[in-house]
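# Analysis of the macromolecular model
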Amino acid sequence: MKSTLLSFVLIFFYTQFLPAQEELFTANTLDLRVIRDANAVVRQDKVIVDLKSQDKMEVFHYRVITVLNAKGNKAVGASLYYDDEKKITNLEAEVFDASGNRIHKYREYDFKDESYSDGFSLYNDARMKIFPYRPLSYPYTVAFTSEIKTSNTAFIPNYFFIKNTNVKVQDASFKIKYDEDDHKLTFNKNNLENYSISQLETEEGISFKGEDLPVLVGESMSPHHSIILPHISCISENFHLSGYDASGIKSWNDLGEWYSKNLLPGRDELPLATVNEVKELTKNISDTLEKAKKIYEYVQENMRYISVQVGIGGLQPIAADEVDEKKYGDCKGLANYTYALLKSIGIQSNLVIIEAGNEKVDFEENFPNFWQGNHMILAIPEGDNYSWIDCTSKDKPFGFLGNFTDDRKAFVIKPNGGEIVNTPAFLNKDNYQKTIASVHFNEEGSFHADGTIITKGSQYDNRSYIENLSPKDLVSRDQSFWDEIKNIQIKKHEFLNKKDSLIFTEKFEIVGDNFTKLSSNRIIFPLNVLNRIDFIPKRYRNRTLPFVIYRGYFDEDEIEIYIPENYKIEALPESKSFQTEFGTYKQEVLLKENTIVLKKSLLIRAGQYPKDKYSAYRDFRKKIANAESVNASIIKK
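A few points on the structure. Worth saying up front: this structure is predicted, and the values here are computed from it rather than measured.

### Focus on the environment of asparagine 431
When you line up the elements, asparagine 431 lands in the loop between β23 (417–422) and β24 (432–441). Asparagine 431 gets classed as buried once you look at its relative accessible area, which sits at 0%. Ignoring anything within four residues of it in the chain, the contact list for asparagine 431 reads Phe426, Lys456, Gly457, Ser458, Gln459, Arg551, Gly552, Tyr553 and Phe554.

Following this line, the structure appears as structure tokens:
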């Protein structure tokens, strides 16, 4: 009787569950009105994190996604990284056609296995299992299942309910099973407003569920995904990291002290010969920062950056003596090596974990954890402030970070603690470019220009790299930069890099042709040919996201255009000036004897602006582009 009843229950469950499950794999059932603007549809995404103890965590992930077109391929997310501490216990994927028929099945051994390296990151002792399917037609559906086990509970996975723009999410859930007394978790619920996301707490843990989430359309100049996408972050006061236990980590000070006492001891030892060498190198320098600069330059000259990150969770630096022997290191290894060199001559410095990239992403001040950063630099105390250096750079000046790590909150690790500190910022007019040039042309359209470009601040960072280009690459870059000039030839392009004052000066001489348009006795020619500003942001009928200008800047030009003999001015454009909250543009056209003088300036102000102001910003840039396209005309005397 019991057996018959059990069989009946199983058959009933199977017949009730199967149609719903089959519907997940069928693209033909999707309502096209609902998935407008979508390149893919997440039918179901489920992550379960099971914190079994301080040193044991299991993560289960099940994901079903229908890809509608080629742009949706990047949203599949059917790959998995692993390392020596993170073991894959199950990995498989199935692919279904538009009607829900299975056409492929993949086991773990079918996935491509590659090194998980981006060339600079903090965490890089990992490999990646990559989903191998290459679609021949659309739509198709992927069902992906993975399970991993790890002893490292310092890195509880974040969960993004919406992981990609232009993707519809029907069902997304995140669950953490844990013992409240053992783990003492803290949750950050980010950007959940205006989304249908519920929360349920039970005796075994907490779960979050999002249903029928809207398509977030990708828009240029949008804030970083962590600022706009709904996601859950979680940290534990008590965790384990590759043989080391941590307890009672409630602040950045606690985390810094734990890191210093557990992961750094013995990593700063150097060969006696190297210590003697740097002492000899700095013996006649009395100023602390000048000594530090000499050490930084020593590292630039003698060490090579290479992404070879291995170690405890990708966090422990390679020992300084090993870097010294091999003459290379990763970001952690080179930062720690420089730290050790400075220590050997009596200069204190601090390792810094930071989120690097051209987008500025801050560490959260009340949420201490390691995974907020992807890079390591060094901070040297200077009174109440710091001097900052990126030890992976072969050419950046001492104390200059550049666009990769500027103006963001970072984690400074101290011997007995840690703190969140903002790296230096270059604001608006600090990011300066001045172009001064003379232009000559004749009635056949031949063109000659020589001049000077001076840059400072972030614009110094944008241009100073060109002094390290090969002659061939420099010519290619210059031809692209001055693409308004037909058949351009670079006669001269020389540089002076004043690293102490962060000023980069270029001297150039260029020639070309087809500069003018000849009509009877009249010659028409453009005024803005050396630094034409024609950027216009993409148009959106209904902008949905705020927009960000990460770095303001200030450009000034003064161009003298010499009129050929036997010609006189027929028409000049009027001067223009307009000002908005986003910046100011001025253009003045003057006649000086037989020379046209173009003076212009553009100030762009950094900031995050609401979506309602995007149209006004676009109009501002259109007005600038129109002003930049003006011509002058001359006629024979």
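Next comes the rest of the description.
### Re the pairing of strand β2 (residues 56–67)
Of all 12 residues in β2, 9 are buried, a share of seventy percent or more. As consecutive antiparallel partners, strand β1 (residues 40–53) and β2 are separated by 2 residues.

### Notes on the environment of leucine 527
Tracing the backbone shows leucine 527 in the loop between β29 (522–526) and β30 (547–549). On the accessibility criterion, leucine 527 (1% relative accessible area) is buried. Sequence spacing of leucine 527 and leucine 598 is 71 residues, and the spatial spacing of their C-alpha atoms is 7.2 Å. In contact with leucine 527, not counting residues within four places along its chain, are Ile561, Pro573, Val589, Ile596, Leu598, Val630 and Ala632.

### Describing a negative patch on the surface
A contiguous patch of negative charge on the surface is contributed by Asp179, Glu180, Asp181, Asp182 and Glu201. Counting residues per element, the negative patch draws most heavily on helix α2 (residues 180–183), which supplies 3 residues. Structurally, the position occupied by glutamate 201 is in strand β12 (residues 197–202).

### Describing the packing of helix α5 (residues 272–282) against helix α6 (residues 288–302)
As a packed pair, α5 and α6 sit with axes 10 Å apart at the nearest point and diverge in direction by 130°. Taken as axis vectors, α5 and α6 run oblique relative to one another. The handedness of the crossing between α5 and α6 comes out as right-handed. In contact with Thr274, Glu277, Val278, Leu281 and Thr282 of α5, α6 contributes Lys291, Lys294, Ile295 and Tyr298. Classifying every residue of the contact of α5 with α6 by side-chain character gives 4 nonpolar, 2 polar and 3 charged.

### Section: the pattern of salt bridges
One side chain can pair with another of opposite charge once the charged atoms of both are near each other. Under the defined criterion, the tally for this structure stands at 33 salt bridges. As a salt-bridge pair, lysine 163 and aspartate 45 come within 3.1 Å of each other at their nearest N and O atoms. Note that lysine 163 is positioned in the loop between β9 (159–160) and β10 (167–177) and aspartate 45 in strand β1, a separation of 118 residues in sequence. By relative accessible area, aspartate 45 is classed as buried at 1%. Across the pair aspartate 50 and lysine 52 runs a salt bridge whose closest N-O atoms are separated by 3.0 Å. Of the residues examined, aspartate 50 reaches a relative accessible area of 14% and is grouped as buried. The class for lysine 52 is partly exposed, based on a relative accessible area of 43%.

### With respect to the side chain of lysine 293
Looking at where lysine 293 falls in the secondary structure, it is placed in helix α6. According to the relative accessible area criterion, lysine 293 is buried, its value standing at 16%. In this structure lysine 293 touches Phe398 and Asp500, once residues within four positions along its chain are discounted.

What counts as what
- Residues numbered from 1 in each chain as written.
- Predicted model: local features only at pLDDT ≥ 70, side-chain atom pairs only at ≥ 80, totals over all residues.
- Heavy atoms only, no water.
- Helix = DSSP H or I, 4+ residues; strand = E, 2+ residues; numbered from the N terminus.
- Buried < 20%, exposed > 50% of the residue type's maximum accessible area, 1.4 Å probe, protein only.
- Contact = heavy atoms within 4.5 Å.
- Pairing = 2+ DSSP bridges.
- Patch = residues over 30% accessible without salt bridge, like charges linked within 9 Å, V, L, I, M, F, W, Y side chains within 5 Å.
- Areas by Shrake-Rupley, 256 points an atom, 1.4 Å probe, with all protein chains shown as cover.
- Salt bridge = Lys/Arg side-chain N within 4 Å of Asp/Glu carboxyl O.
- Lys, Arg positive; Asp, Glu negative; His and termini not counted.
- Charge placed at Lys NZ, Arg CZ, Asp CG, Glu CD.
- Axes fitted to C-alpha atoms, helices over the stretch in contact; angles between N-to-C directions.
- Parallel < 35°, antiparallel > 145°, perpendicular 65-115°, else oblique.
- Left-handed = near helix turned anticlockwise from the far one by under 90°.
- Nonpolar A, V, L, I, M, F, W, Y, C, P; charged D, E, K, R; others polar.

The values are spatial; any link to function lies outside them.
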